Amino acid sequence: MALDAATIAQLAEHVEAAELNARDITKITDEYPAMSWDDAYAIQDAIRARKEARGHKTVGLKCGLTSRAKMKQMGVEVPCFGFVSDYMSCAEGSDIDTARLIHPKVEAEICIVTKAPLRGPGCHVGAVLAAIDFVLPGVEIIDSRYRDFRFDLKSVIADNTSAARFVVGGRPRNVEGLDLRTLGVVMEKNGRIVAMAAGAAVLGHPAAAVAMLANHLGARGQEIPAGSFIMTGGVTEAIAVQAGDQVAVRFQDLGTVSMRFA
Ligand code: 0L1
Ligand code: MG
């Protein structure tokens, strides 16, 4: 670790305050260029601890930057991992208040809930498929706290991978009988198609993102517990939204997830 405990705590407070006040900041590596990957995840962990200390429940895990489209859009080469809290969950069909966000974007994500723990190293697609309880469609609303979405990967990880809101809906389905690689996704904004892809856009198979998450946690002595809700990452590039926009994402075999931005 390049940063001491006091600096990690101070940066966690700084980045979380930007989230809670919907106020953008410059990327933290500008001031701390020596920040390591471990420091970045330590800041994210400290943000999670701050939320939990205030009574917020951590309700899921997320994989970010798992598709080529997203990596290209953001100019990075490797995925990252974060968490979602109870207050980030919005009901299917609800209005999402943009006044509490900085510059939201939407991502269509194939989500899973596990029925068995997953622990790396060595976790693979087969192990993940065996541990899936059910699959459901979701939309993540990301909102980087960094001005104009200008950041590097360490700053993004510290910012809990831009997690802001999420909506799950549609139809939960058993994984048997679904091919997550060929599962088609069509995203519409205000009635027009703005992006489309298939599950394979996520690292060749959405379960590969979950395996990568298990291996990432395993390297830190942690596991994905049974009963975890996991977002596997946007299948297309993220689409900017603003008040007045209506978004509907149609997932083959899983139904539609929709929301309005107010
Ligand atoms: O969920 C994601 O893919 C977001 C990763 C963070 C980078 C971004 O804000 O686009
Ligand atoms: Mg995402």
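All residue numbers refer to positions counted from 1 along the written sequence of the respective chain. Key to labels: chains lettered from A, ligands numbered from 1, both in the order written. A pLDDT threshold of at least 70 governs which residues receive local features in this predicted model, and a stricter bar of 80 or more applies before side-chain atom pairs are shown or counted, although totals over entire chains, interfaces and linings include all residues. Note that water and hydrogens are dropped before the side-chain values are worked out from all heavy atoms of the structure.

J.: Run through the overall build of the protein chain, naming residues and quoting values.
T.: A run of H or I in DSSP becomes a helix once it reaches four residues, and a run of E becomes a strand once it reaches two; helices and strands are each numbered from the N terminus. Along its length, the protein chain carries 6 helices and 13 strands. What the globule rule says is 2.2 Å times the number of residues to the power 0.38, and the radius of gyration is computed from C-alpha atoms. At 17 Å, the protein chain has a C-alpha radius of gyration in line with the 18 Å of a compact globule built from 262 residues. Expressed along its principal axes, the backbone C-alpha trace of the protein chain runs to roughly 50 × 45 × 35 Å. Burial classification: accessible surface area is computed with a 1.4 Å probe over protein chains only, and a residue below 20% of its type maximum counts as buried, one above 50% as exposed, and the rest as partly exposed. When burial is assessed residue by residue, the protein chain has 53% of its 262 residues classed as buried. We call two residues in contact whenever any of their non-hydrogen atoms come within 4.5 Å of each other. Residue pairs in contact within the protein chain that sit at least 24 positions apart in sequence constitute 76% of those at least 6 positions apart.

J.: Got a sec to walk through helix α1 (residues 5-20)? Specific residues and values, please.
T.: A helix is expected to reach a length of 1.5 Å times the quantity of its residues less one. In a regular helix each residue adds 1.5 Å, so 16 residues correspond to 22 Å; α1 covers 22 Å between its end C-alpha atoms and thus fits that length. Along α1, the positions that sit buried rather than exposed are T7, I8, L11, A12, V15, E16, A18 and E19. Looking down the long axis of α1, one finds its buried residues gathered within 155° of arc, a one-sided arrangement. Here the buried face of α1 lies against α2 (37-53) and α5 (153-158). Picture the helix axis, draw a direction to every C-beta atom, and the arc is the one those directions span.

J.: Before we move on, can you summarise the sheet that holds strand β9 (residues 192-198) with the specific residues and values?
T.: We call two strands paired when DSSP finds no fewer than two bridges between them. Pairing is mixed in the open sheet, where 5 strands are placed in the order β4-β13-β12-β8-β9. The two strands at the open ends of the sheet, each matched to only one other strand, are β4 (95-96) and β9. With 5 bridges connecting them, strand β8 (residues 184-189) and strand β12 (residues 246-251) associate as antiparallel partners. Paired with V186 across the strands is R250, a residue of β12.

J.: Which residues make up the coordination of the magnesium ion (ligand 2), and what are the values?
T.: Only nitrogen, oxygen and sulfur atoms qualify as donors, provided they sit within 2.8 Å of the metal or within 3.2 Å for Na, K and Ca; with water excluded from the atoms, sites may seem incomplete. Looking at the magnesium ion (ligand 2), one finds its protein donor set to be E107 (OE), E109 (OE) and E140 (OE), positioned 2.0 to 2.1 Å from the metal centre. Of note, the magnesium ion (ligand 2) draws all its donor residues from one chain, in the sequence arrangement E-x1-E-x30-E. Grouping residues by exposure puts E107 and E109 together as buried.

J.: Explain the packing of aromatic side chains to me, using residue names and the numbers behind them.
T.: Here a Phe, Tyr or Trp ring, Trp counted by its six-membered ring, pairs with any other such ring whose centre lies within 6.5 Å, and the pair is stacked when the planes are under 30 degrees apart, edge-to-face when over 60, and tilted otherwise. This model, assessed by the stated rule, comprises 3 aromatic pairs. Ring centres of Y146 and F151 lie 6.4 Å apart, and the angle between their planes is 70°; this geometry places the pair in the edge-to-face category. For the pair Y146 and F151, one class covers both residues: buried. Judged by centre distance (5.5 Å) and plane angle (25°), the rings of F166 and F229 are stacked. Placement of the pair is F166 in strand β7 (residues 163-168) and F229 in strand β10 (residues 229-234), with a sequence separation of 63 residues. One aromatic cluster in this structure is built from Y146, F149 and F151. Should the NZ of a Lys or the CZ of an Arg lie within 6 Å of a ring centre and within 35 degrees of the ring normal, that charge is described as sitting over the ring. Over the ring of F83 we find R48; its NZ or CZ atom is 5.7 Å from the centre of that ring.

J.: Residue-level account of the pattern of salt bridges, with values.
T.: Every case where a carboxyl oxygen of Asp or Glu lies within 4 Å of a side-chain nitrogen of Lys or Arg is listed as a salt bridge. One pass over the full model with this rule turns up 17 salt bridges. The partner of D45 in a salt bridge is R220, with the nearest N and O atoms 3.0 Å apart. Of this pair, D45 sits in helix α2 while R220 sits in the loop between α6 (206-218) and β10, and the two are 175 residues apart along the sequence. Take R220: its relative accessible area is 31%, and that puts it in the partly exposed class. Residues participating in the shared-partner salt-bridge network are E16, E19, R50, K51 and R54.

J.: Can you lay out empty space enclosed by the protein for me, pointing to particular residues and giving the numbers?
T.: Here a cavity denotes a set of grid points, spaced 1 Å apart and computed over the protein atoms alone, in which a 1.4 Å probe fits but from which it cannot get out, and a pocket denotes an open set meeting protein on both sides within 12 Å along at least five of seven lines; residues with an atom within 4 Å of a point are reported as lining. Grid points are joined across faces, edges and corners, and a volume is the space filled by probe spheres set on the points. For the coordinates displayed, the defined rule picks out 2 cavities of 30 Å³ or more. Approximately 130 Å³ is the volume attributed to the largest cavity. The element best represented in the lining of the largest cavity is strand β1 (residues 58-64), accounting for 3 residues. All residues other than Ala, Val, Leu, Ile, Met, Phe, Trp, Tyr, Cys, Pro, Asp, Glu, Lys and Arg, Gly among them, are scored as polar; the first ten of these are nonpolar and the last four charged. The residue makeup of the lining of the largest cavity, split by class, is 8 nonpolar, 5 polar and 5 charged. Lining the second largest cavity are V15, E16, E19, I47, K51, F83, R145, D159 and N160. Counting only elements with at least two residues in the lining of the second largest cavity, the list comes to α1 and α2. Of the residues forming the lining of the second largest cavity, the biggest block, 3 residues, is contributed by α1.

J.: Pulling in residues and values, what's your account of the UniProt feature "domain: Fumarylacetoacetase-like C-terminal" (unreviewed entry) in the protein chain?
T.: UniProt's feature table lists "domain: Fumarylacetoacetase-like C-terminal" (unreviewed entry) at residues 95-260, given in the numbering used throughout. Each end of residues 95-260 is marked by a C-alpha atom, and these two atoms are 5 Å apart; helix forms 16% of the span and strand 37%. UniProt positions are given in the numbering used here, feature names are shortened, and annotations may be inferred rather than shown by experiment.

J.: Tell me about the site of ligand 1, and name the residues and values.
T.: Around ligand 1, a shell composed of 13 residues is seen, among which K62, L65, K70, E140 and S162 lie nearest. K70 is positioned such that a nitrogen or oxygen atom in its side chain is 2.7 Å from an oxygen atom of ligand 1. Protein contacts shield 100% of the accessible area of ligand 1, which totals 300 Å² for the unbound molecule. The way we define it, a molecule is inside a pocket or cavity when more than half of its atoms are within 2 Å of that pocket's grid points. Spatially, ligand 1 is embedded in the largest cavity. Those elements giving two or more residues to the shell around ligand 1 turn out to be β1, α3 (68-74) and β6 (132-142). A molecule or strand has a residue near it when one of that residue's heavy atoms lies within 4 Å. As used in this structure description, the phrase polar contact means that two N or O atoms lie within 3.5 Å; if the pair is within protein, one of them must be able to donate a hydrogen and the other to accept it, and residues adjacent in sequence are counted only when both atoms belong to side chains. In short, Shrake-Rupley with a 1.4 Å probe defines the accessible areas, and a residue's cover is counted only from the protein chains shown.

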